[in-house]
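# A closer look at the structure
Spelled out from the first residue to the last, the chains are:
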Amino acid sequence: MDLFEYQGKQLFARFAIPVSPGEAVTDVDAAVAAADRIGYPVVVKAQVQVGGRGKAGGIKLAADAAECRTYATNILGMDIKGHTVNVVWIEHASDIAHEYYASFTLDRAAKQYFGMLSAEGGVEIETVAEENPDAIAKIHIDPVDGLTAAQCRDWVVAAQLDASVTDAAVDVLVALYRFYVEGDCDLAEINPLIVTPDGRVHALDAKVSLDNNAEFRHADWADYELTQERDVREQAAYEAGLQYVGLDGSVGIIANGAGLAMSTLDVVNQAGGTAANFLDVGGGADAKKFVSALTIIDNDPRVRSIFINIFGGITRGAEVANGIVTAIGQIDLKSPIVIRLDGTNAEEGRKILEPHLGDTLQMAPTMLDAARKAVELATR
Ligand code: GDP
Ligand code: MN
């Protein structure tokens, strides 16, 4: 789950990572009132989950209330790369001597945490990686060993940060690492991490992605769920408790298990088609789940056919078949369905489906056959 900058900064503050005090507001009057409280100059910052807000005109320095009003008026409602600005963050403006970059993420292949630090911050790290890769100091961290202040010190030296801020930079990195681990982040990134003319090191931006698997440990994450940006399809799926990701192809996909759902995307590609979504119905086979899943997929105007790919495991094929038959009886589908049913109890499941087969419900013996059929139906 990706957070907005202001949410990331609120978490940073709890872990003693230095940030400017500020307020998140949703209308112009509240923006000016917040700026009056905070004290000028302030920065008015568009809260959207996309980088490059500055270049897009979504970040402005306001010297007084009149400027703040103008910028808040312009930025609220602005479209930045397809994201509408509904919230602006007002914070006291900082003076900048240097802009650095710092982040922690997970290197899955190495099974270790991965830190990047650079004196070339303020621009996208992908650009630095391309144009000046040596300017990024990288470290791998064994999750069991953790990261010590001494290691951070070497890292700061390797990144060639200004020597006068070494101690302050080490403090920020130690705190950011603790936040990354204890905060259950997938990504904790500060870009830019600034040095002020009086030598303070300070997070001017916050990009945080939380590991949803750790949600049970964090009651406060419920607030972040409420502000998540989802498209209409994703919102409906979220409310139905389905694991769903919207894509832009024409074959709707339902599978049980995330691994099978991903393989299904691959096999649809292999058959020359494109997937409209990723959807894992998970375990269980009740009709209600299939009704929700089929409704969300069938309401997507791009969808031309639906591929249900089920491998019975603990959930038996017969139960799945009954669930699907009941669901199909309850909704008036626009797109034809192709089913592949295998695994535990598949034979019995197929017998249940048999009397319902026809143009709108077809069955195929293998995953590849089903994919070919679904792609053919989607492209004719
Ligand atoms: P992004 O463009 O979406 O990554 O947004 P950032 O929060 O990183 O801000 C982009 C740029 O705006 C920064 O790199 C700074 O150069 C500038 N900026 C942001 N806040 C301030 C501030 O308080 N003072 C000054 N002088 N510049 C700022
Ligand atoms: Mn930034």
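Please read these numbers as outputs of a predicted model, since none were measured by experiment. (Residues numbered from 1 in each chain as written. Chains lettered and ligands numbered in written order. Predicted model: local features only at pLDDT ≥ 70, side-chain atom pairs only at ≥ 80, totals over all residues. Heavy atoms only, no water.)

### Observations concerning the site of ligand 1
As a structural note, the neighbourhood of ligand 1 is formed by 15 residues, with K45, R53, I59, S94 and E99 the closest of them. Contacts to ligand 1 include K45, whose side-chain N or O atom sits 2.6 Å from an oxygen atom. In this structure, E99 approaches ligand 1 through a side-chain N or O atom, which is 2.6 Å from an oxygen atom. Contact with the protein chains hides 79% of the accessible area of ligand 1, taken as 570 Å² for the molecule alone. Counting only elements with at least two residues in the shell around ligand 1, the list comes to β2 (42-46), β3 (59-62) and β10 (185-195). (Near = heavy atom within 4 Å. Polar contact = N/O pair within 3.5 Å; in protein donor to acceptor, adjacent residues only side chain to side chain. Areas by Shrake-Rupley, 256 points an atom, 1.4 Å probe, with all protein chains shown as cover. Helix = DSSP H or I, 4+ residues; strand = E, 2+ residues; numbered from the N terminus.)

### A word on helix α11 (residues 317-330)
Compared with the 20 Å implied by 1.5 Å per residue over 14 residues, the 20 Å span of α11 between its first and last C-alpha is a close match. The complete set of buried residues in α11 reads G317, A318, V320, A321, G323, I324, V325 and A327. The elements touched by buried residues of α11 are α10 (287-298), β16 (305-312), β17 (337-343) and α12 (346-353). (Expected span 1.5 Å × (residues − 1). Buried < 20%, exposed > 50% of the residue type's maximum accessible area, 1.4 Å probe, protein only. Contact = heavy atoms within 4.5 Å.)

### What about the side chain of T264?
With respect to the helices and strands, T264 occurs in helix α9 (residues 258-270). A distance of 3.0 Å separates polar atoms of two side chains, one belonging to T264 and the other to N309. When near neighbours in sequence (up to four residues on either side) are disregarded, T264 contacts I253, A255, F307, N309 and M367.

### Structural notes on the environment of H83
Here H83 is to be found in strand β5 (residues 83-84). Between the C-alpha atoms of H83 and E229, which are 146 residues apart in sequence, the distance is 8.8 Å. If we skip the residues at most four places from it in the chain, H83 touches V48, Q49, V50, M78 and E229.

### Some remarks on the coordination of the manganese ion (ligand 2)
Listed as protein donors to the manganese ion (ligand 2) are N191 (O) and D205 (OD); their distances from the metal cover 2.1 to 2.2 Å. With N191 in strand β10 and D205 in the loop between β11 (201-203) and β12 (207-210), the pair connects residues that are 14 residues apart, well separated along the chain. A relative accessible area of 18% means that D205 is categorised as buried. (Donors = N, O, S within 2.8 Å, 3.2 Å for Na, K, Ca; no water.)

### Description of the domain arrangement of the chain
Domain annotation of the chain identifies domain 1 (21-92), domain 2 (98-221) and domain 3 (232-378). For domain 1 and domain 3, the distance between their C-alpha centres works out to 44 Å. (Domains from an automatic or database assignment.)

### Considerations on the sheet that holds β2
Reading across from one edge, β1-β6-β2-β3 is the order of the four strands in this open sheet, with antiparallel pairing throughout. Unpaired on one side and paired on the other, β1 (22-25) and β3 mark the two borders of the sheet. Here the strands of the sheet are splayed against their neighbours by 20 degrees on average, with no regard to which way each runs. Sheet analysis places β2 next to β3, joined by four bridges and oriented antiparallel. Within β3, the residue paired with V43 across the bridge is L61. In the packing of helix α3 (residues 65-75) onto the sheet, the strands contacted are β2, β3 and β6 (88-92), and the crossing angle to β3 comes to about 165 degrees. (Pairing = 2+ DSSP bridges. Axes fitted to C-alpha atoms, helices over the stretch in contact; angles between N-to-C directions.)

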